[in-house]
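The lines below spell out each chain.
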Amino acid sequence: RLDVVSFRNNNGRKRAETSKKPTDPETVHSDVLAKVEFNSGGNRGQVTALLAYQGLAWNLREHLMERMIATQNLWREKDPKFVYYLSAEFLMGRSLLNTIQNLELYEPYAQALKMLGYNLETLAEKERDASLGNGGLGRLAACFLDAMATMNLPGWGYGIRYKYGMFKQIIKDGEQMEVPDVWLTDGNPWEVRRPDVVFPVSFGGKLKKTVTGSHELVEWIPDEQVIAMAYDVPIPGFNTQNTGNLRLWESLPVNEFDLDAFNKGDILSAYNEKGRAEAITSVLYPNDSTPEGKALRLKQQYFFVSASLQDVLARFKKVHGNQFDLLPEKACFQLNDTHPTIGIAEMVHLLVDKEGLDWEAAWGITTKVFAFTNHTIMPEALEKWPVKVMREFLPRHMEIIETIDTQWQAFLEEKLSEMPKAEKQAAIDRMAIVHPNQWNKEEMLVNMAHLAVVGSHTVNGVAQIHSDIIKSTIFKDFHGVFPLKFQNKTNGVTPRRWLVFSNTDLATLITEALGTQEWMTNCKLLEGLKPFAEDAEFRKKWSAVKRKNKERLGAKIRELTGDDVDTSSMFDIQIKRIHEYKRQFLNVLSVIRRYNTIKAMTPEERKSVVPRVCVIAGKAASSYERAKDIIRLVGAVGDTINTDPEVRDLLRLYFLPDYNVSLAEVIIPAADLSQHISTAGTEASGTSNMKFQMNGSLILGTMDGANIEIAEEIAAIQGPDAKVGDGLFIFGVDAKDVPKLRKERKEFKTDPRWDEIMDMIKKGTFGNDKFEALVDSVNDMTVGNDWFLLANDFATYLDVQDEVDAMWKNQDEWVRRSILYTASSGKFSSDRTISQYAEEIWDVQPLAVA
Ligand code: B1N
C-alpha cells in the first residue's frame with residue numbers, strides 16, 4: 001500500500017538539507033524532553049499533553065527559524081522585488097501539523113511523540129486556533145501566504161497581532177453568546193518577538209507650516225504616540241526550503257508606567273498610557289463584509305500600515321539610500337480590501353514630510369507601488385470615514401487626502417473635458433474621494449475605496465462575475481476613466497491544508513491513482529483522476545474514504561451535541577458567516593418543508609425518503625440581530641426535528657457552535673453535499689465552495705461568485721457536450737434580473753408551501769421564541785422587503801433539493817461526480833491565484849533557497 005508515509009516522506013526524494021538540526025525520532029524525542037525541561041520548567045517524568053505540545057512546537061520553531069533566516073539571507077543578498085500583503089486579517093488556524101507536514105517531518109515526529117506516549121493528531125488538538133480574521137477575507141490572506149512560500153515568491157504578510165481574535169461562539173438557550181478569544185495565555189511558540197524591530201506611530205495633534213519661497217514645509221506635531229513592536233510568524237512552504245514571514249504588530253506605550261502619577265497617589269492613571277496604547281491592538285472587530293466606523297478601527301488600520309511602511313522603507317534605505325525612484329522596482333503593496341488604504345496617504349507623508357521628496361515624485365512612486373483588491377460590492381459595506389474623525393486622529397493625512405482629491409478632480413476636469421458641463425460635474429462628484437454623506441449632507445466623508453482606486457495601479461475583484469460587476473456598479477465611472485486598471489483574480493485555497501493535510505486518506509488515494517504526489521503543487525494534474533471516475537473499484541475506495549471522514553465528523557457531532565448520527569445518511573452542510581445574503585434562512589425553510597413532507601407520509605412512503613443530516617455552522621456579528629435570529633431558528637427547528645421519533649431517523653438538523661478553521665478541517669472532508677446559496681450577485685467569490693469541490697462534495701448553489709467558475713470547470717472535465725451547471729445542483733434567479741425582481745417583490749405571489757411554513761414559524765411550532773422580526777424581514781414589505789429574494793428562489797430551491805435526493809439514490813453516479821469534482825478543482829488552488837497576481841500585478845519572480 002502506497003500510503004500516507006510516501007507523500008509525507010516526499011516520495012523517497014531526498015529533502016534538500018540545509019538543516020543542522022537532526023530529525024531522527026530519537027534525537028527529536030530527547031530534544032522535546034529538553035525543551036519541556038529548559039523552556040517550560042516541566043518535569044521529564046510527567047510530560048503532560050500541553051507540555052509535550054509546547055516542547056514539540058519549540059523544537060519545530062528552530063527548524064522554521066533556520067529556514068526563515070536562510071530565505072531572508074538569500075533575498076537580502078539578491079535584492080529581488082518583494083510583495084507586501086497588507087491585511088487587517090490573517091485567519092491562520094493551527095500550525096503544528098501544517099508545519100510538520102510542510103517540513104516533511106511527519107514520520108519521525110509521530111514516532112518521537114509515540115515514545116512520549118502521545119498520538120500526534122490528538123496532541124495537535126491542544127493548539128488554539130490563531131483566529132485573527134472574520135471569515136473568507138482573512139482565510140484568503142492565510143492561503144496566499146502558504147502559496148507564496150510554496151512558490152518561493154519573495155513576499156511578506158503584514159498585519160495586526162490582536163490580543164483577542166475572533167470571539168468564541170457559545171450557544172446558550174439557543175442564542176449566540178460571544179466570549180473573548182483569549183488565545184495567547186499559554187504562550188505562542190509560532191511567533192518570535194522582535195524587540196529590536198520597533199517604530200513609533202503617532203496620532204492627533206496639529207500641523208505646523210513654514211513657507212520658504214514656493215516650498216511649503218509641513219510638520220505634523222502629534223499629541224499621541226505609541227510604539228509598534230514586531231512579531232514574526234514564519235510561514236513554511238511545502239516541498240521547499242523557503243520560509244516566508246508574517247510580521248504582526250503589537251501596540252505598546254512609549255512610557256510603560258507613569259511614576260509621577262503613581263507617586264502622587266494616582267495609582268490608576270499611572271497605567272493610563274499603557275491601557276490606551278495597548279487598546280489599539282487588543283481586539284479584532286468581528287464584522288464580516290460590513291465596515292465598522294469606530295475611531296479605534298481607524299487607529300488600528302493606520303497603526304499597522306504605518307509601522308509596515310516604515311519598516312519596508314527602512315530596509316529599502318539600507319540598500320538603496322534615498323533612491324526612492326527605485327522603490328517601484330523593489331516593492332509592491334497589495335491592499336486587502338480598503339482596510340489598509342490609509343497606507344496611500346502614509347506613503348506620501350513619509351516620502352514628502354520625512355524624506356523630503358516633492359509632491360509629484362512622491363505621488364508618482366505611490367501610485368506605482370499600490371494595488372487594491374475589492375472583496376464586496378454591497379455599497380453600504382464600503383468604508384467611509386468622517387472627515388472630522390480623520391482630521392482629529394490623522395490631521396496631516398486628511399490634508400494629504402484633500403490634496404490628492406483636488407488633483408484628482410483637476411485631472412478629471414481635463415480628462416472629461418468633452419462631456420457636457422453638468423454631466424461632467426456629476427461624474428466628478430460621483431468619483432470624488434471626499435464627498436458629503438448621502439444621508440446627511442452636512443457631514444463630509446472620505447471614501448476609502450475611491451482613494452484606493454485612485455492611488456493604485458491595479459484594482460481587482462475576486463471572481464470573474466464580481467470583477468465584472470464592480471466595473472459596472474461601484475467603480476463604473478472609474479472604469480470609464482481607467483479601463484486598463486481593472487483586472488480579475490479569482491480566489492483560490494491552499495490544497496495542502498484543505499486537502500492533503502485535512503483529508504490524508506483521500507490524498508493518499510489520489511497519489512496512488514496518479515502515481516505521483518506532484519499534484520500537491522501542480523493541481524492541474526488532478527485532471528488525471530478523470531478515468532478513475534469510471535472505475536467501480538476506485539469508486540468503492542473513494543466512498544470508503546468519505547465514509548471514514550463522516551465517522552470522524554459524526555464523532556465531533558456527538559462531542560458537541562450529545563447525539564449519534566447515522567453516517568450512511570447524506571451529510572448536507574452549510575458553513576460560513578451567518579448573513580442574510582448567504583441565506584441560511586432559506587436552507588432552514590427547506591429543512592422545515594422536508595420535515596412537513598415526512599410527517600405527512602405513511603410509514604411505507606417514508607421508506608423511500610433519503611436520510612439526511614443537515615449541518616449549519618457560522619458566527620454572527622455581535623450586533624447583527626437578524627443573523628442572530630437565524631441561529632436561534634436553526635436551533636429551534638433542530639430541537640423539534642431531532643427529537644421527533646417519526647422523523648429523526650430520516651432527518652436531522654444541527655447548528656454546530658464556534659465554527660472556525662479547525663472545525664472546517666473536520667467538516668469539509670465529510671460533506672456529501674454543500675450549500676452556497678447566496679442571492680446571485682451578492683457573494684463576491686466564496687472560498688469554502690472551492691474547498692468542498694476539492695474534497696469531492698457535490699455543490700448545491702446559485703450562479704454566484706466563484707460557483708460559476710466551479711461549474712465551468714466541472715462542465716469542462718465532462719467533455720464538450722456538457723453545459724455549465726451539469727453535475728451541480730444549480731437554482732435561483734440570474735444576477736442580471738435581481739434589480740428588477742427587487743422592485744417587483746411587493747407584487748410577487750409567494751408559494752403556498754412558503755406561506756404554510758411562515759405560518760408555522762409565526763404560530764410557534766418551533767417554540768414561541770420571537771421569530772416575528774425574521775419572518776417579517778422576508779414577508780412584510782413595510783419592515784424588511786426580502787432584499788435577498790428568498791421567496792423568489794424558494795420553489796426552484798425545493799425542486800433542486802428533489803434532484804439531489806434522486807441523484808443520491810444512484811450512488812454510482814453520485815460518486816462518479818464526486819471524483820470529477822476533485823479532478824476539476826485544480827484551478828482553485830491558491831498557487832494558481834498567486835502566480836497570476838505575481839505575473840499580472842506584482843511583477844515578482846520566484847527565488848528559491850537551493
Ligand atoms: O471575502 C472573501 C470572498 O470569498 C467573500 O465572498 C467575501 O464576502 C469576503 C469587512 C470583509 N468581503 N468583505 C469582507 C471582511 C471583514 C471586514 O471587516 C469586509 N469579507 C469579504 C475573499 O475574497
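Keep in mind that what you see is a predicted model, and the values were worked out from it rather than measured.

(A) Layout of the overall build of the protein chain. Looking only at helices and strands, the protein chain features 34 helices and 24 strands. Taking 29 Å as the expected radius of gyration for a compact globule of 850 residues, we find that the protein chain reaches 28 Å, a close match to that expectation. Projected onto its principal axes, the C-alpha positions of the protein chain cover 95 × 75 × 65 Å. Per-residue burial over the protein chain gives 49% buried out of 850 residues. When contacts within the protein chain are restricted to residue pairs at least 6 apart in sequence, those whose partners lie at least 24 apart make up 77%.

(B) Broad picture of the pairing of strand E17 (residues 458-461). Neither face of E17 is left uncovered, since the one carrying Thr 458 and Asn 460 and the one carrying Val 459 and Gly 461 both have all their residues buried. Judged from the 3 bridges that link them, strand E13 (residues 370-373) and E17 form a sheet pairing that is parallel. In the strand pairing of E17, Ala 371 is matched with Thr 458.

(C) Inspection of the packing of helix H23 (residues 584-599) against helix H30 (residues 752-762) at higher detail. Packing of H23 against H30 leaves a shortest axis separation of 10 Å and a crossing angle of 95°. Judged by the inter-axis angle, H23 sits roughly perpendicular to H30. In this structure, H23 contributes Leu 589, Ile 592 and Arg 593 to the contact, and H30 contributes Arg 753, Ile 757 and Met 760. In terms of residue class, the contact of H23 with H30 is built from 4 nonpolar, no polar and 2 charged.

(D) Structural view of the confidence of the model for the protein chain. In the predicted model, the protein chain carries a mean pLDDT of 95, and the fraction of residues at 70 or more is 98%. This complex was scored by the predictor with a pTM of 0.97 and an ipTM of 0.98.

(E) Broad picture of the sheet that holds E13. One open sheet accounts for 9 strands, arranged E7-E10-E11-E4-E1-E12-E13-E17-E18; its pairing is mixed. If you trace the sheet from one side to the other, it starts and ends with strand E7 (192-203) and strand E18 (486-488), each paired once. Strand-to-strand twist across the sheet, computed as the mean angle between neighbouring axes with direction ignored, equals 25°. Of the strands in this sheet, strand E1 (82-86), strand E4 (155-160), E7, strand E10 (224-236), strand E11 (243-253) and strand E12 (331-336) are in contact with helix H10 (residues 295-320), which crosses E7 at around 115°. Sheet strands touched by helix H18 (residues 464-472): E17 and E18. Its angle to E18, the strand with the most contacts, is close to 160°.

(F) View of the domain arrangement of the protein chain. Under the domain assignment used here, the protein chain contains domain 1 (1-78 + 95-127), domain 2 (79-94 + 129-491 + 836-842) and domain 3 (549-828). Measuring from the centre of the C-alpha atoms in domain 1 to the corresponding centre in domain 2 gives 35 Å. Contacts between the two partners involve 25 residues from domain 1 and, on the opposite side, 18 residues from domain 2. The set of elements that each furnish at least two residues to the side of domain 1 that touches domain 2 consists of helix H3 (49-78) and helix H4 (96-102). A per-element tally of the side of domain 1 that touches domain 2 places H3 first, with 13 residues.

Calculation rules
Residues numbered from 1 in each chain as written. Predicted model: local features only at pLDDT ≥ 70, side-chain atom pairs only at ≥ 80, totals over all residues. Helix = DSSP H or I, 4+ residues; strand = E, 2+ residues; numbered from the N terminus. Rg over C-alpha atoms; globule rule 2.2 N^0.38 Å. Buried ≥ 20, exposed ≤ 12 C-beta atoms within 10 Å, placed from the backbone. Contact = placed C-beta atoms within 7 Å. Pairing = 2+ DSSP bridges. Axes fitted to C-alpha atoms, helices over the stretch in contact; angles between N-to-C directions. Parallel < 35°, antiparallel > 145°, perpendicular 65-115°, else oblique. Nonpolar A, V, L, I, M, F, W, Y, C, P; charged D, E, K, R; others polar. pLDDT = per-residue confidence, 0-100. Domains from an automatic or database assignment.

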